[in-house]
Amino acid sequence: MPSFTSFLTASLLAVGALAQPAAKIEKRHRNNEYCLSNREAQQVATNYGLLISNYSDELANAVLSPDFTDYSESVNTLINSCPQGSAAISLPLLAPTFSNRTQFEIGQGQQPLINFNQLNIWHSCDTVIIRWETTNTANITDVKPVVGLISMETVKAPAGNEYEYWVDTVYSEFDSGAWLQNLQEAGICSGSTAEPVPDPSASTSMTTSHTVPIASTMTPTAPKRKQPAATPAPKAAPKRRSKLAKENDLTAEEEAEIQEAYNLFAHESDEGPILDHADVRRCLIALNAPPTDQAEMKEILDTIDPDDAGYVDYEHFVAVAALKLHSRHEDPGAQDEEVMKAYSLFTKGEERDITLHDLRRIVKELREDVPDNVLKDMVREATGGGLGAIGTGDFESVMRRAGVFN
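The structure displayed is predicted, hence computed values, not measured ones.

So, how was this worked out
- Residues numbered from 1 in each chain as written.
- Predicted model: local features only at pLDDT ≥ 70, side-chain atom pairs only at ≥ 80, totals over all residues.
- Heavy atoms only, no water.
- Helix = DSSP H or I, 4+ residues; strand = E, 2+ residues; numbered from the N terminus.
- Polar contact = N/O pair within 3.5 Å; in protein donor to acceptor, adjacent residues only side chain to side chain.
- Patch = residues over 30% accessible without salt bridge, like charges linked within 9 Å, V, L, I, M, F, W, Y side chains within 5 Å.
- Areas by Shrake-Rupley, 256 points an atom, 1.4 Å probe, with all protein chains shown as cover.
- Salt bridge = Lys/Arg side-chain N within 4 Å of Asp/Glu carboxyl O.
- Disulfide = S-S within 2.5 Å.
- Buried < 20%, exposed > 50% of the residue type's maximum accessible area, 1.4 Å probe, protein only.
- Axes fitted to C-alpha atoms, helices over the stretch in contact; angles between N-to-C directions.
- Parallel < 35°, antiparallel > 145°, perpendicular 65-115°, else oblique.
- Left-handed = near helix turned anticlockwise from the far one by under 90°.
- Contact = heavy atoms within 4.5 Å.
- Nonpolar A, V, L, I, M, F, W, Y, C, P; charged D, E, K, R; others polar.
- Phe/Tyr/Trp six-rings, centres within 6.5 Å; stacked < 30°, edge-to-face > 60°.
- Pairing = 2+ DSSP bridges.

### Regarding the side chain of Glu255
Then, in step 1: Along the chain, Glu255 falls in helix α9 (residues 252-265).
Then, in step 2: A polar contact is formed between the side chain of Glu255 and the side chain of Ser242, at a distance of 2.7 Å.

What follows is the structure, encoded as structure tokens:
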């Protein structure tokens, strides 16, 4: 799902079109409990990602519950195999990595910051799951990317907290082998380590048996001999296009972009996920392919919903989105002009930086219900953590990271 940079981009492009009132997302309630909307789930995911990429105690206190618990066999393995910092201790597998928020703040506060790219997001009423990637776990030339999954269980935060929901429990696993190898190649960890700490809940026979150190299993023990030349690893096969993508002359990546935008605005029905008429326009805006005017919007709806049912399914939306995407890519040389045009929408054409006040004004004009703390997160993401003004360079960087321009 798009990050809040994507949401910011969608908002600025919407200013150029005729804004319509945003349909409020209805929360589904289960046994009188809350149920996260798409936007609320994305906020939870964004907040946790910032704890990894731009950590501060202030953010941790606003995002995590005091009883926060973090379970990660991957982190425990890294701690046991390559302890770093005074907060690093040996941890038995299956034990919590951090048993409360204070422990997390001590441990995370000593770690070097890494980039944190959200790849996918799913959520239920109270749990958010993300798939993520980082590409700078060590300062080496040929760093191996690390991909993982994080499941975040949430609870309602008390009134007055900066965010409505706290992350209460996390289950996080990732490719610790690749991470450890990066650290070893950077000279941070040696090739062999102490034996991992056994699980105290295991039986006596298991704890007294010999265990092989994790890192030592990477070291060959057979007599050395001349090795044959390594066969180059085969290149990853390109994503296969679906039948729908072929019919609409789309690449697999373009269809994924369309599907991501569709899933952001669609809601469930007896016939599967559908888009209401008002959300068709918003979905096109999120794809940076907005209708030029109300006349084109009416023509689009008449084409993909000739029976005026009031909604559009995925297959019909792909057809019109494909046409708009092809049109969008026809003139790549105009991208710089598009960036400056979008920038001027925030500043009202004035030669100055974008401020938090400008974001509030845009949201008001769009009639969107966006909390002030979300707007502040947009500024922080654009400026690298502060709440200062957003210059043209930061703005263009946000646009490109959001995938609006290549």
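### Notes on a nonpolar patch on the surface
Then, in step 1: On the surface, Trp122, Ile129 and Leu149 cluster together to form a nonpolar patch covering roughly 280 Å² of accessible area.
Then, in step 2: Note that Leu149 resides in strand β4 (residues 146-156).

### Observations regarding the state of the cysteines
Here a disulfide denotes a covalent bond joining the sulfur atom of one cysteine to the sulfur atom of another.
Then, in step 1: The full count for this structure, using the stated rule, is one disulfide.
Then, in step 2: What pairs with Cys35 in a disulfide is Cys125, and their sulfur atoms sit 1.9 Å apart. Judged by the torsion about the S-S bond (-70°), the Cys35/Cys125 disulfide is left-handed. Placement of the pair is Cys35 in the loop between α1 (4-15) and α2 (38-53) and Cys125 in the loop between β2 (117-123) and β3 (127-134), with a sequence separation of 90 residues. You'll find Cys35 and Cys125 in the same group, each marked buried.

### Quick notes on the packing of helix α4 (residues 73-81) against helix α6 (residues 176-185)
Then, in step 1: Where α4 contacts α6, the axes come no closer than 9 Å and their chain directions differ by 30°. When the interaxial angle is binned, α4 and α6 end up roughly parallel. Read as a crossing pair, α4 and α6 show a hand that is right-handed. Contacts between α4 and α6 involve Ser74, Thr77, Leu78 and Ser81 from the former and Ser176, Trp179 and Leu180 from the latter.
Then, in step 2: Of the residues contributing to the contact of α4 with α6, the split by class is three nonpolar, four polar and no charged.

### Focus on the environment of Asn263
Then, in step 1: With respect to the helices and strands, the residue Asn263 is situated in helix α9.
Then, in step 2: Using a relative accessible area of 39% as the deciding quantity, one classes Asn263 as partly exposed.
Then, in step 3: Separated by 225 residues in sequence, Asn263 and Asn38 have C-alpha atoms that sit 9.3 Å apart.

### Considering the pattern of salt bridges
Then, in step 1: One pass over the full model with this rule turns up 11 salt bridges.
Then, in step 2: The residue Glu185 makes a salt bridge to Lys144 at a minimum N-O spacing of 3.1 Å. One end of the pair, Glu185, is in helix α6; the other, Lys144, is in the loop between β3 and β4, with 41 residues separating them in the sequence.
Then, in step 3: Its relative accessible area of 44% is what places Glu185 among the partly exposed residues.
Then, in step 4: What emerges from the salt-bridge pattern is a single network uniting Glu350, Arg352, Asp358 and Arg361.

### Let's talk about the packing of aromatic side chains
Then, in step 1: In total, this model carries 12 aromatic pairs according to the counting rule given.
Then, in step 2: Judged by centre distance (4.9 Å) and plane angle (45°), the ring pair of Tyr34 and Tyr165 falls under tilted. Here Tyr165 lies in strand β5 (residues 165-174) and Tyr34 lies in the loop between α1 and α2, a separation of 131 residues in the sequence. Of the two residues, Tyr34 and Tyr165, both sit in the buried class.
Then, in step 3: Centre to centre, the rings of Phe116 and Trp132 are 5.2 Å apart; their planes meet at 20°, and the pair counts as stacked. Note that Phe116 is positioned in the loop between α5 (101-109) and β2 and Trp132 in strand β3, a separation of 16 residues in sequence. Of the two residues, Phe116 and Trp132, both sit in the buried class.
Then, in step 4: One aromatic cluster in this structure is built from Tyr55, Phe68, Phe98 and Phe104.

### Overview of the pairing of β4
Then, in step 1: Where β3 lies against β4, eight bridges are found, and the strand directions are antiparallel. Pairing of Trp132 across the sheet is with Gly148, part of β4.
Then, in step 2: Bridge count between β4 and β5: nine bridges; the pairing is antiparallel. Residue Gly148 lies in a different strand from β5, and its bridge partner there is Phe174.

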